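Here's the letter readout for the chains.
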Amino acid sequence: MTKSQQLRKLHSNDTVLSVVVMWTIWGNRSFSNSSIRRLESNTSILKHLISKITATGPISVAEYMREALTNPVSGYYVKNDMLGAGGDFITSPEISQIFGELLGVWCVSEWMAAGKSSVFQLVELGPGRGSLASDILRVFSQLKVVLGETDISVHLVEVSPKLSQLQAKCLTGDQTWTCNDDQPVYCSGTTCTGLPIYWYHRIEDVPRGFSVFLAHEFFDALPIHKFQRTENGWREVMVDIDPESPEKLRFVVSHSPTLASSMLIQKDENRQHVEVCPEGGVIVQKMANRIADDGGAALIVDYGHDGTKTDTFRGFKGHQLHNVLEAPGMADLTADVDFSYLRKITGNQVTCLGPITQRSFLKNMGIDSRLQVLLRSCHDPSTRAQLINSYDMLINPEKMGHRFQFFSMLSRGRLAQRKGMQQDTAPLPVAGFAELNVQ
Ligand code: SAH
């Protein structure tokens, strides 16, 4: 058991768009099953890409990224447990239980502020090892009095068979769970806390109903297109074979416009280089539609920017930066989330808040008091040091405190003036977001 797992255990009882997307996805599906089966090793993704580029020409960065991360046989997310000290990167829910607990409080707080719907779906996209959901469910158990007889269920959207198994073990404990890969609900069971839990490959398969959506380090893993401003207008950056070394890949700028470069660049764009994630846009649009129609809220947490950054595409392997074009399938590939793009995509359907820094959000949610409560009940010096270090990792501006951003979508009525109330007509404040950047 790792130190962080020990720590979790110790405290476990102590808690308070588009055509372009269809086009690129269709491209991915044009593999025959037999050619997929032939992709046995990680380097086979590289071989496959090289033969594809040889046959049909350079591919988009989005297609490259999709193959490297989610190729059904050898994709990085499909076959790896990449999280934690022994993996390629570590995330906030893995660093400290406090993170998930505070997000659990946020979910309950938004459910209350939205009128305590009798049905409450917790929907997490890309749940990794299941640690965030596990910490949140512990909070739900502690807040049973508040949640009462609410019909709560858990819905996980996960593309990785390897990670969905880890999630099932983490969240259902020793209870059995059943899986049927061919069904939209490919796995189901009961959580350790007694709630029904379901797994899906796609958000559209999650049932309709009041939902709180969470996406932690999910959007950064979705494929991006890269574009470069040139004398002749916007051109897409593509992946091609390096003529000097036919076993290697290199970036090239397309000579003529592509479908993506004609459709995805905003008219008022003033950067020289842009990354656009249309798949992220489509998912945000679906969440926004559901929040508008069925009620609920969404919290998206990721490293990102508000439409200011340019070239952020990078790879990680063993906690070190890794050349994105080397050994596809062996390293994590990621790009900062452009929150300004996500906000634009939502249109007027929902109210968007943020992005605000992780430090501000967690401070507003009371991370300092929570740390003090945990420290009061902990006397082991090394565990105390671990608690303090992980707190520092989460909120220190030099560490994760400023790198990670919180962005929320709420139903439009959520922040409307509450008519008919004589004294207090102001809407309930949104937990975590002190300064409201209401659209
Ligand atoms: N939220 C977790 C894991 C982040 S890693 C944490 O913060 O610790 C990204 C997660 O998204 C993994 O679970 C990965 O398998 C999943 N994922 C990546 N691309 C996906 C896609 N297209 N559809 C569904 N899940 C995806």
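Bear in mind the structure is a predicted one, so any value in this text is a computation, not a measurement. (Residues numbered from 1 in each chain as written. Predicted model: local features only at pLDDT ≥ 70, side-chain atom pairs only at ≥ 80, totals over all residues. Heavy atoms only, no water.)

Draft legend 1. Focus on the overall build of the chain. Within the chain, the regular secondary structure consists of 18 helices and 18 strands. Buried residues in the chain amount to 54% of all 439 residues. Accessible area of the chain: about 19600 Å², with a carbon and sulfur share of 52%. (Helix = DSSP H or I, 4+ residues; strand = E, 2+ residues; numbered from the N terminus. Buried < 20%, exposed > 50% of the residue type's maximum accessible area, 1.4 Å probe, protein only. Areas by Shrake-Rupley, 256 points an atom, 1.4 Å probe, with all protein chains shown as cover.)

Draft legend 2. The nonpolar core, seen in detail. Counting residues in each nonpolar core, the largest one holds 63 residues, and the members touching the most others are Leu 125, Phe 219, Leu 249, Met 287, Ile 300 and Met 409. With sequence-adjacent residues up to four places away left out, Ile 300 is seen in contact with Ala 215, Phe 219, Val 284, Met 287, Phe 339, Leu 342, Gln 405, Phe 406, Phe 407 and Met 409. Of all hydrophobic cores here, the second largest spans 55 residues; its members include Val 212, Leu 362, Ile 395 and Leu 415. (Core = buried A, V, L, I, M, F, W, Y, C linked by side-chain atoms within 4.5 Å. Contact = heavy atoms within 4.5 Å.)

Draft legend 3. Fine view of helix 11 (residues 161-172). Its 12 residues place the ends of helix 11 16 Å apart at the C-alpha level, agreeing with the 16 Å of an ideal helix rising 1.5 Å per residue. All of the buried residues along helix 11 are Leu 163, Ser 164, Gln 167, Ala 168, Leu 171 and Thr 172. An end-on view of helix 11 places all buried positions within 145° of arc, on one side of the element. Looking at the packing, one finds that the buried side of helix 11 touches helix 6 (76-79), helix 9 (131-142), strand 3 (151-157), strand 5 (185-190) and strand 6 (196-200). (Expected span 1.5 Å × (residues − 1). Arc of directions from axis to C-beta.)

Draft legend 4. Here's a closer look at the pairing of strand 7 (residues 211-216). Within strand 7, six of the six residues are buried, which leaves the element mostly enclosed by the surrounding structure. Residues Ser 211, Phe 213 and Ala 215 point to one face of strand 7 and Val 212, Leu 214 and His 216 to the other, with burial holding for every one of them. Where strand 2 (residues 119-125) meets strand 7, five bridges bridge the pair, whose relative direction is parallel. When the bridges of strand 7 are listed, Gln 121 appears paired with Ser 211. Pairing geometry for strand 7 and strand 12 (residues 296-305), over six bridges, is parallel. Each residue of the ladder has a partner; that of Ala 215, found in strand 12, is Ile 300. (Pairing = 2+ DSSP bridges.)

Draft legend 5. Representation of the site of the ligand in the model. The environment of the ligand is made up of 17 residues, and the closest members are Thr 91, Gly 126, Gly 128, Glu 158 and His 216. Within the side chain of Thr 91, an N or O atom sits 2.6 Å from an oxygen atom of the ligand. Note that an oxygen atom of the ligand is positioned 2.6 Å from one of the side-chain N or O atoms of His 216. Taking 570 Å² as the accessible area of the ligand by itself, protein coverage stands at 94%. Broken down by class, the residue content of the shell around the ligand amounts to nine nonpolar, five polar and three charged. (Near = heavy atom within 4 Å. Polar contact = N/O pair within 3.5 Å; in protein donor to acceptor, adjacent residues only side chain to side chain. Nonpolar A, V, L, I, M, F, W, Y, C, P; charged D, E, K, R; others polar.)

Draft legend 6. View of the packing of aromatic side chains. Under the criterion given, the structure shown has 10 aromatic pairs. Between Phe 99 and Phe 406 the ring centres are 6.2 Å apart and the planes differ by 55°, which places this aromatic pair in the tilted class. With a gap of 307 residues between them, Phe 99 in helix 8 (residues 97-113) and Phe 406 in strand 18 (residues 404-411) connect regions that are remote in the sequence. The pair Phe 99 / Phe 406 is uniform in exposure class, with both members buried. Here the aromatic cluster, defined as three or more aromatic residues joined through ring pairs, consists of Phe 99, Phe 361, Phe 406 and Phe 433. Sitting over the face of the ring of Tyr 303, Arg 314 holds its NZ or CZ atom 4.7 Å from the ring centroid. (Phe/Tyr/Trp six-rings, centres within 6.5 Å; stacked < 30°, edge-to-face > 60°. Lys NZ or Arg CZ within 6 Å of the ring centre and 35° of its normal.)

Draft legend 7. Examining the sheet that holds strand 15 (residues 332-334) more closely. Pairing is antiparallel across the open sheet formed by three strands, whose spatial order is 14-13-15. With one partner strand each, in any of the chains shown, strand 14 (320-322) and strand 15 form the two edges of the open sheet. In this sheet, neighbouring strand axes are inclined to one another by 40° on average, regardless of whether the strands run parallel or antiparallel. (Axes fitted to C-alpha atoms, helices over the stretch in contact; angles between N-to-C directions.)

Draft legend 8. The arrangement of the environment of Leu 410 in detail. Secondary-structure assignment places Leu 410 in strand 18. For Leu 410, a relative accessible area of 0% gives the class buried. Linking Leu 410 and Leu 353, residues 57 residues apart in sequence, is a C-alpha distance of 8.0 Å. Discounting residues that sit within four places of it in the chain, Leu 410 has contacts with Glu 110, Ile 291, Gly 296, Ala 297, Val 350, Thr 351, Leu 353, Leu 415 and Val 430.

Draft legend 9. Quick peek at helix 16 (residues 367-376). Turning to helix 16, its buried residues number three or more, namely Ile 367, Arg 370, Leu 371, Leu 374 and Leu 375. Viewed end-on, helix 16 has its buried residues packed into an arc of 135°, placing them on one side of the element. Those residues of helix 16 hidden inside the fold are in contact with helix 8, helix 15 (358-364) and helix 17 (381-395).

Draft legend 10. Here's a closer look at the pairing of strand 11 (residues 273-276). Of the two faces of strand 11, both are covered, the one formed by His 273 and Glu 275 as well as the one formed by Val 274 and Val 276. Of the strand pairs in this sheet, strand 8 (residues 225-230) and strand 11 are connected by four bridges, and their pairing is antiparallel. Looking at the pairing, Phe 227 lines up with Val 274 of strand 11.

Draft legend 11. Broad picture of the confidence of the model for the chain. Averaged over the chain, the pLDDT score is 88; the fraction of residues at 70 or greater is 87%. Low pLDDT, under 50, characterises residues 435-439; the stretch is placed with 15 contacts to residues that sit more than four places away or in other chains. (pLDDT = per-residue confidence, 0-100.)

Draft legend 12. Region of the structure containing the packing of helix 4 (residues 43-56) against helix 5 (residues 61-70). Across the interface, helix 4 lies against helix 5 with an axial gap of 10 Å and an inter-helix angle of 150°. By the criterion of interaxial angle, the relationship of helix 4 to helix 5 is roughly antiparallel. You can see that helix 4 and helix 5 cross each other, and the crossing is right-handed. Counting all contacts with helix 4, which are made through Ile 45, His 48, Leu 49 and Lys 52, the residues of helix 5 involved are Glu 63, Tyr 64, Glu 67 and Ala 68. Looking at the contact of helix 4 with helix 5, its residues break down into four nonpolar, one polar and three charged. (Parallel < 35°, antiparallel > 145°, perpendicular 65-115°, else oblique. Left-handed = near helix turned anticlockwise from the far one by under 90°.)

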